[in-house]
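Letter by letter, the chains look like this.
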Amino acid sequence: MTIRALALFLFALLGSTVARAQVELPRWEFGLSTVGLYTPDYRGADEMRARAFLVPYVVYRGEYLRADRDGVRADLLRTERVRLTFSGGLGLPVDSDDNEARRGMPDVDWVVELGPALNVNLAAWNDGLTSLDLRLPVRAAFALDSGFEYIGAIASPNLRVTQRTQHGVTYRVSTGPTFATADYHRFYYGVAPEFATATRPAFRPGAGYSGWDFGVNAVRFTGNWRLFAFAGADILNGATFEDSPLIRKTANWSVGFGAAYVFLRSSVTVRTDE
């Protein structure tokens, strides 16, 4: 696409509107949430692990700042079709002593990801209850246990279909490729010479394609309860790091579920398309 064509495309999006279904929800909510996960140790691992967390449930639906099931984000630009936000994500740690492929290597730290995301609504139908969005997040990643050390950047463009029902249930299906810098790939899949063995040769991946992701999740609002579940799959065939000795499977799946109970909520409500 030429620069002129891209400019015309964005101008058309910015100048148009889409009727998306909205609901009235409290401006803020506070409660307690339990979350259960069954996931691989990392993308490409052949060992699965069950994890459980008890965490505060905090939702804030401000005009520009939001914290909800899409994470913490700030709206930098918002029209009916286009939103430019600042958002974050979190990567789980791995204890290398508990993973055969990584045994003897340094542990994988908790990772926080921060960066901008351009979200474009491509279509809405069924009286606005169903919508199709193009999401273009780009995030810098930092290892927390290493003193907020920068470990690279990741981009995950994806298409997402959202289906809202009249009974307080929202379903979302998303799919798309992932790309990352060389240092990000090395953090997860590199093997330094000092950690090489007879069955784990040294490996230094480059930047590029990181595989294809698919995910589906559902959330239900019922009284003071918020119920949610998700499932996902990762396909790593053709990824830049596919030849890493740490890759034991090129297809992974994961599931999770949880429930939150809201103790306090704002008396002020706002219209939102969650």
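Residues numbered from 1 in each chain as written. Predicted model: local features only at pLDDT ≥ 70, side-chain atom pairs only at ≥ 80, totals over all residues. Heavy atoms only, no water.

Moving on: the overall build of the protein chain. Of regular secondary structure, the protein chain possesses 2 helices and 15 strands. Looking at the 274 residues of the protein chain, the share that counts as buried comes to 41%. Considering only contacts within the protein chain whose residues lie at least 6 apart along the sequence, 64% involve residues at least 24 apart. Summed over its atoms, the accessible surface of the protein chain is roughly 14200 Å², and 62% of this surface lies on carbon and sulfur atoms. (Helix = DSSP H or I, 4+ residues; strand = E, 2+ residues; numbered from the N terminus. Buried < 20%, exposed > 50% of the residue type's maximum accessible area, 1.4 Å probe, protein only. Contact = heavy atoms within 4.5 Å. Areas by Shrake-Rupley, 256 points an atom, 1.4 Å probe, with all protein chains shown as cover.)

Mapped onto the secondary structure, Ser87 falls in strand E6 (residues 82–91). Given a relative accessible area of 6%, Ser87 falls into the buried group.

By the definition in use, this model includes 11 aromatic pairs. Aromatic pair Tyr42 and Tyr189: ring centres 6.2 Å apart, planes at 65°, arrangement edge-to-face. Here Tyr189 lies in helix H2 (residues 182–189) and Tyr42 lies in the loop between strand E2 (28–40) and strand E3 (48–61), a separation of 147 residues in the sequence. By relative accessible area, Tyr189 is classed as buried at 4%. When the centroid spacing of 5.0 Å and the interplanar angle of 85° are considered together, the rings of Phe187 and Tyr188 count as edge-to-face. With relative accessibility at 12%, the residue Tyr188 sits in the buried group. (Phe/Tyr/Trp six-rings, centres within 6.5 Å; stacked < 30°, edge-to-face > 60°.)

A word on a nonpolar patch on the surface. Judged by side-chain polarity, Trp28, Phe30, Leu32, Leu54, Val58, Tyr60, Phe263 and Leu264 come together as a nonpolar surface patch covering roughly 790 Å² of accessible area. For the nonpolar patch, the secondary-structure elements that each account for two or more residues are E2, E3 and strand E14 (251–265). You can see Phe263 is positioned in strand E14. A relative accessible area of 53% means that Phe263 is categorised as exposed. (Patch = residues over 30% accessible without salt bridge, like charges linked within 9 Å, V, L, I, M, F, W, Y side chains within 5 Å. Salt bridge = Lys/Arg side-chain N within 4 Å of Asp/Glu carboxyl O.)

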